[in-house]
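# What the coordinates show
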Amino acid sequence: PEGADVPQEQKAGWASFIKSLASMTGDLSSMTAPPFILSPTSLTEFPAYWCEHPDAFAEISEGKDDKERMERVLKWFIGTLSAQYTTRNEKMGSEKKPLNPVLGELFYGVWPDRGYGETRLIVEQVSHHPPVTAYYIENKQAGVRLQGHSGQKTSFSGTAIHVKQSGHAVLTVQPKNGQKEEKYLITLPKLRIEGIVWGSPYIELTDTNAIQSSTGLTAQIDYKGKGYFTGKSHSFKAVISNGSGKAVQNYEGVWTGKSHIGGSKGPLFLDTAGHKEEVTVKDVSEQTEWESRKLWVNVAKGIRTGNYDEAGKDKTKIENEQRQRRKDETANNTAWNHLHFTHVESDPDYQFLSALLHDKLTPPHEDAYVIKPETLNVVGRPN
Ligand code: HCR
């Protein structure tokens with residue numbers, strides 16, 4: 001029945017939240033939702049999901065030729081999906097509403113060297129309305145780095161929330177065998193959030209996304225839920241094609257478990273159900289004021305312990321401070337400066353790589369947030 005998974009005392013709140021979804025105008029992040037559906041984690045932490053298999057990320061550069069490297073990029077990419085889209089279900093019982101980051105919020109992390117070099121993560125919230133998160137992930141020793149940004153446009157169909165992701169990522173690989181540097185443009189899939197009426201939301205990926213390499217190779221990934229390819233949820237089919245659009249290899253399976261090369265009975269391509277390595281983050285006591293876990297410490301504690309009054313009070317305090325900052329900027333005619341990223345109106349990598357795609361993207365250009373190399377070792381914003 002409707003609202004079956006909603007705590008009794010929050011059923012009315014959930015019903016009115018669903019009602020308000022109908023009039024939402026593309027940005028769900030700033031809407032107030034009942035406490036049972038709140039996550040204590042800010043969206044600035046989500047880019048860490050790109051690298052919970054730091055070994056797969058590092059090993060891309062060891063591929064012997066462009067085809068093998070593209071296959072490794074695909075393997076790493078498919079391997080990120082279960083972390084990106086099912087972690088909250090596993091840890092909190094259902095998808096939850098993440099904390100809406102403030103402008104300038106920062107998140108840093110590392111995956112320690114386990115024989116393939118250290119991987120570093122730098123995240124900055126570069127826009128609040130609409131929310132946009134910029135990130136940079138690099139393993140210097142392995143010669144791989146990922147730069148991207150992420151935003152969402154949400155709409156409600158009556159039963160499901162549809163999320164169109166904006167932004168893209170560019171992966172740069174310096175092959176270990178000395179071959180020329182390669183770039184891979186990664187576009188992002190669409191999401192459907194199901195289970196809303198019951199109060200236990202979960203994500204299904206829909207539609208398609210692409211990985212376009214500067215070598216000419218393309219990987220296209222198609223997503224289907226239950227009842228399409230296999231009768232299983234979270235299914236995908238992927239195909240790697242060469243520059244003339246001819247398929248060179250197919251893959252299929254589920255992104256939450258096993259997938260196979262060729263067809264469903266082919267050799268194992270990947271099993272994503274295994275171990276994932278969470279990012280290592282400094283203790284809150286060692287973080288600066290703009291770092292996510294420090295900034296939200298009381299709100300997160302309130303949500304975790306069910307002390308929603310405390311959570312609400314601190315959230316209001318943070319939001320009021322932000323409002324004041326924006327007012328001051330308008331009054332003083334100053335602009336907020338990003339610490340780690342520079343905004344560019346048109347990303348040259350996107351323009352070049354998207355032009356190589358068979359299914360052309362519209363528009364053919366997109367903006368980007370480019371890491372400021374000189375700030376790579378800066379931690380925290382000077383107050
Ligand atoms: C849609 C979503 C915020 C955005 C999250 C993104 C798209 C962020 C970029 C990551 O790389 C991947 C990713 C994973 C998340 O699954 C996705 C979130 C799921 C829910 C959340 C909504 C804004 C909140 C919906 C509120 C519901 C649960 C009531």
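To keep things clear, this report deals only with the structure shown in the data block. (Residues numbered from 1 in each chain as written. Predicted model: local features only at pLDDT ≥ 70, side-chain atom pairs only at ≥ 80, totals over all residues. Heavy atoms only, no water.)

## Describing the packing of helix 5 (residues 297-305) against helix 6 (residues 308-332)
Interhelical geometry of helix 5 versus helix 6 gives an angle of 155° and a closest axis separation of 7 Å. The angle between helix 5 and helix 6 falls in the class roughly antiparallel. The two elements helix 5 and helix 6 cross, and the hand of that crossing is left-handed. Here helix 5 contributes N298, V299, K301, G302 and I303 to the contact with helix 6, which in turn contributes Y308, E310, A311, D314, K315 and I318. A per-class count over the contact of helix 5 with helix 6 returns five nonpolar, two polar and four charged. (Axes fitted to C-alpha atoms, helices over the stretch in contact; angles between N-to-C directions. Helix = DSSP H or I, 4+ residues; strand = E, 2+ residues; numbered from the N terminus. Parallel < 35°, antiparallel > 145°, perpendicular 65-115°, else oblique. Left-handed = near helix turned anticlockwise from the far one by under 90°. Contact = heavy atoms within 4.5 Å. Nonpolar A, V, L, I, M, F, W, Y, C, P; charged D, E, K, R; others polar.)

## A look at the site of the ligand
Around the ligand, the surrounding shell holds 18 residues, and the nearest of these are Q84, R88, S150, Q152 and I203. Here Q84 contributes a side-chain N or O atom positioned 2.6 Å from an oxygen atom of the ligand. Interatomic distance of 2.7 Å between a side-chain N/O atom of R88 and an oxygen atom of the ligand. Protein coverage of the free-state accessible area of the ligand, which is 620 Å², stands at 96%. Elements with a minimum of two residues in the shell around the ligand: helix 1 (11-21), helix 3 (66-92), strand 6 (144-156), strand 7 (161-166) and strand 10 (190-194). The greatest single-element share of the shell around the ligand, amounting to three residues, is contributed by helix 3. Considering only residue class, the shell around the ligand consists of twelve nonpolar, four polar and two charged. (Near = heavy atom within 4 Å. Polar contact = N/O pair within 3.5 Å; in protein donor to acceptor, adjacent residues only side chain to side chain. Areas by Shrake-Rupley, 256 points an atom, 1.4 Å probe, with all protein chains shown as cover.)

## Some words on the environment of I186
Among the secondary structure elements, I186 is positioned in strand 9 (residues 182-186). Residue class for I186 comes out buried when judged on its relative accessible area of 0%. Here the alpha-carbon distance between I186 and M70, two residues 116 residues apart in the chain, equals 12 Å. Beyond its immediate chain neighbours, meaning those up to four positions away, I186 contacts W50, W76, F77, L146, H168, A169, L171, N209, A210 and I211. (Buried < 20%, exposed > 50% of the residue type's maximum accessible area, 1.4 Å probe, protein only.)

## Some details on the layout of surface pockets
What the largest pocket holds in volume is close to 880 Å³. Together, 33 residues line the largest pocket, and K164, Q165, S166, G167 and E366 are the ones closest to its centre. Listing elements by their share of the lining of the largest pocket, those giving two or more residues are strand 6, strand 7 and strand 11 (202-213). Counting residues per element, the lining of the largest pocket draws most heavily on strand 6, at five residues. Residue composition of the lining of the largest pocket, grouped by class: eleven nonpolar, 13 polar and nine charged. (1 Å grid on protein atoms, 1.4 Å probe; cavity = no way out; pocket = protein on both sides within 12 Å on 5 of 7 lines; lining within 4 Å. Points joined across faces, edges and corners; volume = space filled by probe spheres on them.)

## A short note on the side chain of H168
Note that H168 resides in the loop between strand 7 and strand 8 (169-173). Owing to a relative accessible area of 3%, H168 belongs among the buried residues under this scheme. Of the polar contacts made by the side chain of H168, one reaches the side chain of D347; its length is 2.8 Å.

## Considerations on empty space enclosed by the protein
For the structure on display, the rule yields one cavity of 30 Å³ or more. The calculated volume of the largest cavity comes to roughly 800 Å³. Of all elements in the fold, only helix 1, helix 3, strand 2 (97-99), strand 5 (132-139), strand 6, strand 7 and strand 10 reach the threshold of two or more residues within the lining of the largest cavity. Element by element, the count of residues in the lining of the largest cavity is highest for helix 3, at five residues. Of the residues contributing to the lining of the largest cavity, the split by class is 26 nonpolar, nine polar and five charged.

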